[in-house]
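# Geometric and topological summary
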Amino acid sequence: MVHKVIHKLLTALLASIALPVPLFRAFDYRVPPTLTEAVRRGARVRVPFGRRELIGVVLATQPDSDADPADYRDLIEVLDPTPLLPPDLLGLCEWAAGYYHHPLGDVVTSALPGRLRKGAAAERDQPLVYALTDAGAAARPAVPERFRAQRAVLDALHGAPLPRDALACSAGVLRQLEDKGWIERRGVQTQSAGVPASPAPTAEQAAALEQLERDDGRFGVHLIEGVTGSGKTELYLRRIAACIARGQQALVLAPEISLTPQLEARFRERFGDGVVSFHSGLGDRGREQAWLGSRSGDARVVIGTRSAVWLPFARLGLIVVDEEHDTSYKQQDGLRYSARDVAIMRARKLDIPILLGSATPSLESLYNAGAGRYRHLRLERRVHDTPPPQIRLLDVRGLPLDHGLSPPLLQAAERHLQQGGQVLLFLNRRGYAPVLLCHVCGWSAPCNHCDAHMTLHQGRSLLICHHCGAQQPIPRACPSCGERRLLPVGAGTERVEQALANRFPQYAVARFDSDRITSPTALERQLADIREGRARILVGTQILAKGHDFPGLSMVGIVSADQALYGSDFRALERMGQLVTQVAGRAGRAGQPGEVWLQTHEPEHPLLRVMAEQGYRALCERLLVEREQTALPPFSHLALLRAEAREPDAALRYLDAAWPLFDGHAGVTAMDPMPSGMERRAGYTRAQLLLSATSRAALHRTLAAAVPRLSQLPDARRVRWSIDVDPYDLM
Ligand code: ADP
Ligand code: ZN
Ligand code: ZN
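Everything numeric here is computed off the predicted structure, so don't read it as measured data. (Residues numbered from 1 in each chain as written. Chains lettered and ligands numbered in written order. Predicted model: local features only at pLDDT ≥ 70, side-chain atom pairs only at ≥ 80, totals over all residues. Heavy atoms only, no water.)

## Points about the overall build of the chain
Helix and strand content of the chain: 22 helices and 31 strands. With respect to the three principal axes, the spread of C-alpha positions in the chain is 95 × 70 × 55 Å. In the chain, which comprises 731 residues, the share counted as buried stands at 54%. Intrachain contacts of the chain at a sequence separation of at least 6 include 75% that bridge at least 24 residues. Surface summary for the chain: the accessible area is close to 32500 Å², and the carbon and sulfur share equals 50%. Between the mean site of the 88 positive side-chain charges and the mean site of the 80 negative ones, the chain shows a separation of 3 Å. (Helix = DSSP H or I, 4+ residues; strand = E, 2+ residues; numbered from the N terminus. Buried < 20%, exposed > 50% of the residue type's maximum accessible area, 1.4 Å probe, protein only. Contact = heavy atoms within 4.5 Å. Areas by Shrake-Rupley, 256 points an atom, 1.4 Å probe, with all protein chains shown as cover. Lys, Arg positive; Asp, Glu negative; His and termini not counted. Charge placed at Lys NZ, Arg CZ, Asp CG, Glu CD.)

See below:
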């Protein structure tokens, strides 16, 4: 009794904490009187959880006079004197947890770099750059070839000082160079001297800028559609300069920036040391420093991949999403978010402008622009006035194919090579051949863990499954009948590279795929070979579609795009149109339009013809009509419940049990559960349940009611399940 009274007098302070546990709720703790001052929204705290201790983030505090102290455990410690996560970022996490129906604790803690998540103190290294000394500048030309790493650093610093994270080398190399007195460390000057001025805008750029300047720093989504080379990046640079001049920071999202060093270099050239990059290649420590620099406001421009959308900012004033259509913006596991969509929501909440740029915008963005939700700016002309190339369909039916290449394609390539041009061959398949077939009994190397074939990688003498990563040696004879002749069927980049090397022994071939391009240095080396004319033929996958500049390229050959025509994925044609257009856009030099050939067995395919004859925009208009007729996005809103289990029937059984939770909600159709496109992958049998809704609100009401109950279903412990809101593919 007495206890109760005293307690009532000393109203308890409760704190609601986001914890890294897979539960859809926050946890309340009592704040001991000594900590009441320190506990604030966004601060990290240490709490007891079961028999463990966890690090969590304070979401809210609330005095509660009715709380019975016996119901709550005490916070142990507050780790941050000032809250680590700014309120706007926490708000964004809360929104994302709701929108993607994902546990909030997981969203909040994934926004923290690894060490901070584990409770380390948030301390910044003294920001430093490495610079070339006079001695280093003098020594640079004479460093022997075999000191490759040292030379690379000296070359990189030749233009301007660079921060550690911009130098792709080991700490040892830096130490050796410092010991020789060739490089030195300096403190950062945030305002770098001698910033190159922007070129005078072209007429199209001027018109676009006038539109962009009207936003006045307020929220608005601007879709900048312009072919490669039309000057989009220059527009970003100008808007970012204006943002910095207002004392704010800018966030630039780009797909896979370790593969596009040119983009980062351009930002550094314009904005100097205030540019910070953020991507997985940095390592924990580098990412943490970038995170803290962004939070403090020292990083004026952050250029990063998908996860940079979760960085804290002191004063964010502008977001740019370059290549907004790129699939790498969609995270395919855990919190399945679209960085582009989260970026738009972030801009809306902060009331700041966002620029989406692409030569080939997604159907969603084109649709939103058409509906007036986004402002649509177009740059039709290339700055250097090279007309965009025309795509010619090359009917290969009945033609003899030399490792996938037809005689007309090879002849065209030969002509361009003889005239001094460079030739690019694109195909979106790495390895030597996608199938290894026994000519006698029909055995075709299967993956034992997936419903898929293993890809033949001749260079590495392996069969590799591209879906689960399983590897095995290439069998000497057919495991089924003993036949020794095993035929590679179909062509990948390795095979095309070899065919070209045989056919054109006098020209070097550079291959670009993830087997060959294993580091930024490897990429840089190959790009230099192309730039300096040592390699005249390029063969590669979509890496070649990513914004690299090939000024000597006069011809592009697309080895095949037919897969997309038969694909069951509803985005296959949109994606094909984007890839083909992006790759074709690399062709053309010195005012000459490039030549683009596309080999196909379906030359009459109506959509292929529209794309070739009228271009990507016309293709999109046709695809949008189809999407409307089939009620697919953007004309409907989808969510996918996926389940997978080792036991063959468990996933489907689980989804059958889940289905009633989703059924019977107005405006939402819950399709029958069915096996996934690739039913078995990495040893798991997979199934899915598709929800389609006419309105987002209806979809979210249904998900909010159903998702928390999914883990209570009888089979829930036998399966791994996940919710994918706005899924990218339905496979
Ligand atoms: P995109 O981002 O659309 O591919 P960029 O902004 O990279 O286009 O521009 C293509 C090329 O033209 C770049 O080399 C860039 O430096 C140059 N450029 C862009 N705008 C101008 C301009 N107004 N005057 C001169 N050169 C420009
Ligand atoms: Zn056989
Ligand atoms: Zn496999």
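Picking up where we left off.
## Focus: the coordination of the zinc ion (ligand 3)
Around the zinc ion (ligand 3), the protein contributes the donor atoms Cys 447 (SG), Cys 450 (SG), Cys 465 (SG) and Cys 468 (SG), at 2.2 to 2.4 Å from the metal centre. Here the zinc ion (ligand 3) is ringed by 4 donor atoms whose angles at the metal span 104 to 114°, and the overall shape comes out tetrahedral. Every donor residue of the zinc ion (ligand 3) comes from the same chain, spaced as C-x2-C-x14-C-x2-C. In this pair, Cys 447 is assigned in the loop between β18 (435-438) and β19 (455-457) and Cys 468 in the loop between β20 (462-464) and β21 (471-473), connecting sequence segments 21 residues apart. (Donors = N, O, S within 2.8 Å, 3.2 Å for Na, K, Ca; no water. Tetrahedral: all angles 85-135°; square planar, octahedral: opposite > 155°, others 65-115°.)

## So, the coordination of the zinc ion (ligand 2)
Around the zinc ion (ligand 2), the protein contributes the donor atoms Cys 438 (SG), Cys 441 (SG), Cys 478 (SG) and Cys 481 (SG), at 2.3 to 2.4 Å from the metal centre. Here the donor residues of the zinc ion (ligand 2) are spaced in sequence according to C-x2-C-x36-C-x2-C. With Cys 438 in strand β18 and Cys 478 in the loop between β21 and β22 (486-489), the pair connects residues that are 40 residues apart, well separated along the chain. Comparing Cys 438 with Cys 478, the two get one shared label, buried.

## A look at the packing of aromatic side chains
For any pair of aromatic rings, the description rests on two quantities: the centre-to-centre distance and the angle between the ring planes. Under the counting rule described, the total for this entry stands at 7 aromatic pairs. Centre to centre, the rings of Trp 95 and Tyr 100 are 6.2 Å apart; their planes meet at 80°, and the pair counts as edge-to-face. The interplanar angle of 65° and the centroid separation of 4.9 Å between the aromatic rings of Tyr 367 and Phe 635 together place this pair among those described as edge-to-face. In this pair, Tyr 367 is assigned in helix α13 (residues 363-370) and Phe 635 in the loop between α20 (616-629) and β27 (637-645), connecting sequence segments 268 residues apart. Joined through ring pairs, the aromatic side chains of Trp 95, Tyr 99 and Tyr 100 make up one cluster. The ring of Phe 147 carries Lys 180 above its face, with NZ or CZ at 5.5 Å from the centroid. Against the face of Tyr 684 rests Arg 720, its NZ or CZ located 4.0 Å from the ring centre. (Phe/Tyr/Trp six-rings, centres within 6.5 Å; stacked < 30°, edge-to-face > 60°. Lys NZ or Arg CZ within 6 Å of the ring centre and 35° of its normal.)

## Describing the sheet that holds β21
Reading across the sheet, the 3 strands line up as β19-β20-β21 and stay open at both edges, with antiparallel pairing between neighbours. Across the chains shown, the open sheet's two edge strands, defined by having one partner strand only, are β19 and β21. The sheet shows a mean angle of 30° between the axes of neighbouring strands, direction not considered. (Pairing = 2+ DSSP bridges. Axes fitted to C-alpha atoms, helices over the stretch in contact; angles between N-to-C directions.)

## Describing the pairing of strand β6 (residues 128-132)
On a regular strand, one side chain projects to one face of the sheet and the next to the other, so that they alternate. Extensive coverage of β6 is indicated by the burial of 4 of its 5 residues. Examined bridge by bridge, β6 and strand β7 (residues 162-163) share 2 bridges and lie antiparallel to one another. From the neighbouring strand, Val 129 faces β7, where its bridge partner is Pro 163.

## Brief notes about the site of ligand 1
Surveying the vicinity of ligand 1 reveals 16 residues, the closest of which are Ala 200, Gln 205, Gly 229, Thr 233 and Arg 266. A distance of 2.9 Å is found between an oxygen atom of ligand 1 and a side-chain nitrogen or oxygen belonging to Lys 232. Thr 233 places a polar side-chain atom, nitrogen or oxygen, 2.5 Å from an oxygen atom of ligand 1. A breakdown of the residues in the shell around ligand 1 according to their chemical character gives 5 nonpolar, 8 polar and 3 charged. (Near = heavy atom within 4 Å. Polar contact = N/O pair within 3.5 Å; in protein donor to acceptor, adjacent residues only side chain to side chain. Nonpolar A, V, L, I, M, F, W, Y, C, P; charged D, E, K, R; others polar.)

## Things to note about empty space enclosed by the protein
For the structure on display, the rule yields 1 cavity of 30 Å³ or more. Each pocket or cavity is described by its volume, and for the largest cavity that value is around 50 Å³. For the lining of the largest cavity, the secondary-structure elements that each account for two or more residues are α9 (232-245) and β13 (316-322). Looking at the lining of the largest cavity element by element, the count peaks at 3 residues for α9. (1 Å grid on protein atoms, 1.4 Å probe; cavity = no way out; pocket = protein on both sides within 12 Å on 5 of 7 lines; lining within 4 Å. Points joined across faces, edges and corners; volume = space filled by probe spheres on them.)

## Notes on the sheet that holds strand β15 (residues 375-379)
Spatial ordering of the open sheet is given by β11-β12-β10-β13-β14-β9-β15, a layout of 7 strands whose pairing is parallel. Pairing within the sheet leaves two strands with one partner each, and these edge strands are β11 (275-278) and β15. Across this sheet, the average inter-strand angle for adjacent strands is 20°, counted without regard to direction. Relative to the sheet, helix α11 (residues 283-296) contacts β10 (249-253), β11 and β12 (301-304), its axis offset from that of β11 by approximately 135°.

## Thoughts on the packing of helix α2 (residues 87-99) against helix α12 (residues 339-350)
α12 packs onto α2 with a crossing angle of 130° between their chain directions and a minimal axis gap of 10 Å. Taken together, the axes of α2 and α12 are oblique relative to one another. By crossing handedness, the relation of α2 to α12 is classed as right-handed. Two secondary-structure elements touch here, α2 through Asp 88, Leu 89, Gly 91, Leu 92 and Trp 95 and α12 through Val 342, Met 345, Arg 346, Lys 349 and Leu 350. Per-class residue counts for the contact of α2 with α12 are 6 nonpolar, 1 polar and 3 charged. (Parallel < 35°, antiparallel > 145°, perpendicular 65-115°, else oblique. Left-handed = near helix turned anticlockwise from the far one by under 90°.)

## Some remarks on the pattern of salt bridges
All told, the structure shown has 48 salt bridges when counted by the stated rule. Shared partners join several salt bridges into a network, and the residues in it are Glu 225, Arg 378, Arg 617 and Glu 621. (Salt bridge = Lys/Arg side-chain N within 4 Å of Asp/Glu carboxyl O.)

## Focus: α9
Under the 1.5 Å per step criterion, the end-to-end length of α9 is 20 Å for 14 residues, consistent within 8% with the ideal 20 Å. Counting buried positions along α9 yields 10 of 14 residues, so the element is predominantly enclosed. Looking at α9, one finds that the buried residues are Lys 232, Thr 233, Glu 234, Leu 235, Tyr 236, Leu 237, Arg 239, Ile 240, Cys 243 and Ile 244. A positive backbone phi angle near 85° is found at Gly 247, which sits one or two residues after α9. (Expected span 1.5 Å × (residues − 1).)

## Focus on the packing of helix α18 (residues 572-584) against helix α19 (residues 606-614)
Running from amino to carboxyl end, α18 crosses α19 at an angle of 30°, the nearest separation of the two axes being 11 Å. Between α18 and α19, the angle is such that the two are roughly parallel. Considering only the axes of α18 and α19, their crossing is right-handed. In this structure, α18 contributes Leu 573, Met 576, Gly 577 and Val 580 to the contact, and α19 contributes Leu 607, Leu 608 and Met 611.

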